[in-house]
Amino acid sequence: MRRWVVESFGEPKDVWTLEDVESLVPGPGQVKVKVEACGLGLPDVLMSRDNYPLTPPLPFTPSQEAAGEVIATGEGVDEALIGTRVVGPTLFQAQAGGLAEECLMRASGTDYGVLTGLFPIPDEMSGTEAAGLYIPYQTAWVALVRRAKITKDDVVLVLGASGSSGNAAVQLAKAKGARVIAVAGGSQKAAFCKSIGADDVIDRREQDITEAALELTGGKGASVIFDPVGDKAARAAFNAIAFEGRFVVIGYASGEWARIALPETVMKNISLLGAMPVGWTADQVLETHQDLIQHWQEGAIDLSSSQVFEFEDAVTAATHIADGKVEGKVIVRLKERQS
């Protein structure tokens, strides 16, 4: 089978290579999946640079999430799963990531505190749609539904709204009935945010985030802030948070975490919430998956908003991410290998 491999650390264009290797063999509790499509994200770029907490040992295959058909099972796994189309996290830590014709997944279990397992996908959902569902939408669901407990009365300000998790947050918040203010950089990304349902968009290159958010909310501020960016953008958003607002920390795509002093939360009764899809029970994660599938089936979530690249163009896809050109989720689509 073919797979992309990171042989040494550096930029993807310099260190990713395509190679032929023997077919994978699933171990106990594992399944082998014929990959239809896989998702790439900023963590894949950071792992290539050796700048990510979960960077696997060299050599490794990128992509933490994939969709495809189960074609083999390991010891202890029901063979009835063979032929089932699934989406889920890959065993990228074990050099079996999704950027390959085959990958490995756990049938169930926990790795590094993250619940792993297979999730069924509807027959009518394409592989490219499914591959963009798991990580970004589980993250957005944990942040907005479980942690921030959003309602239709909330105004949700989404930083990095044109990116992978931001795109998911915009769509999920709208699906739950909230008003959404998206923050993005540049007119093209602003237009993308409008196309996925944002009620208002702040172009951070042209507008001051604090001033624009306060103006759009009549001076009240946003009741929920979704922050996968950190640093100056997060600081500006925090300055426009409402009384009893919830500031949800997702990540630091800017390279720096949000800098907020605890005393600043007191006078306005602000809640600081960390959010990551870890530590939940299997039933809770399945509940999240089923809720997201229902929203997709109802048309409230559009998974076709991803940017899709072919398997042979994986380096171009990773460079696209590294250059900050992402709109939605970056997906790599695989084709049947010609004999």
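Model, not experiment: these values are computed from the prediction. (Residues numbered from 1 in each chain as written. Predicted model: local features only at pLDDT ≥ 70, side-chain atom pairs only at ≥ 80, totals over all residues. Heavy atoms only, no water.)

A. Representation of helix α8 (residues 231–238) within the structure. Listing the buried residues of α8 in full gives Ala233, Ala234, Ala236, Ala237 and Phe238. Residues of α8 that are buried sit in contact with β10 (155–158), α7 (209–216), β13 (222–227), β14 (241–249) and β15 (271–274). (Buried < 20%, exposed > 50% of the residue type's maximum accessible area, 1.4 Å probe, protein only. Helix = DSSP H or I, 4+ residues; strand = E, 2+ residues; numbered from the N terminus. Contact = heavy atoms within 4.5 Å.)

B. Spatial organisation of helix α6 (residues 187–195). By the burial criterion, the buried members of α6 are Lys189, Ala190, Phe192 and Cys193. One face of α6 carries all of its buried residues, which in axial projection span an arc of 155 degrees. Opposite the buried face of α6, at more than 90 degrees from it, the exposed residues are Ser187, Gln188 and Ser195. In this structure, the buried residues of α6 make contact with α5 (164–175), β11 (179–184) and β12 (200–203). Where α6 ends, the next residue or the one after it, Gly197, has phi of about 115 degrees, a positive value. (Arc of directions from axis to C-beta.)

C. Spatial organisation of the state of the cysteines. Summed over all chains, the structure comprises zero disulfides. Among the cysteines around Cys38, which has no disulfide bond, Cys103 carries the closest sulfur, lying 8.3 Å off. Owing to a relative accessible area of 0%, Cys38 belongs among the buried residues under this scheme. (Disulfide = S-S within 2.5 Å.)

D. Representation of the packing of helix α4 (residues 134–147) against helix α9 (residues 282–297) in the model. The interhelical angle for the contact between α4 and α9, taken along N-to-C directions, is 100 degrees, at an axis separation of 10 Å. Overall, the two elements α4 and α9 adopt an arrangement that is roughly perpendicular. For the pair α4 and α9, the contacting residues are Tyr137, Gln138, Trp141 and Arg146 in the first and Gln284, Val285, Glu287, Thr288, His289, Asp291 and Leu292 in the second. Tallied by class, residues from the contact of α4 with α9 come to four nonpolar, four polar and three charged. (Axes fitted to C-alpha atoms, helices over the stretch in contact; angles between N-to-C directions. Parallel < 35°, antiparallel > 145°, perpendicular 65-115°, else oblique. Nonpolar A, V, L, I, M, F, W, Y, C, P; charged D, E, K, R; others polar.)

E. Spatial organisation of unusual backbone geometry. Across the junction of Leu58 and Pro59, the peptide omega takes the value -10 degrees, indicating a cis bond. The topology assignment puts Pro59 in the loop between α2 (42–48) and β4 (65–73). Unusually for a residue other than glycine, Asn269 sits at a positive phi of about 55 degrees. Among the secondary structure elements, Asn269 is positioned in the loop between β14 and β15. A residue is classified by how much of its surface remains accessible, and Asn269, at 43% relative accessible area, is partly exposed.

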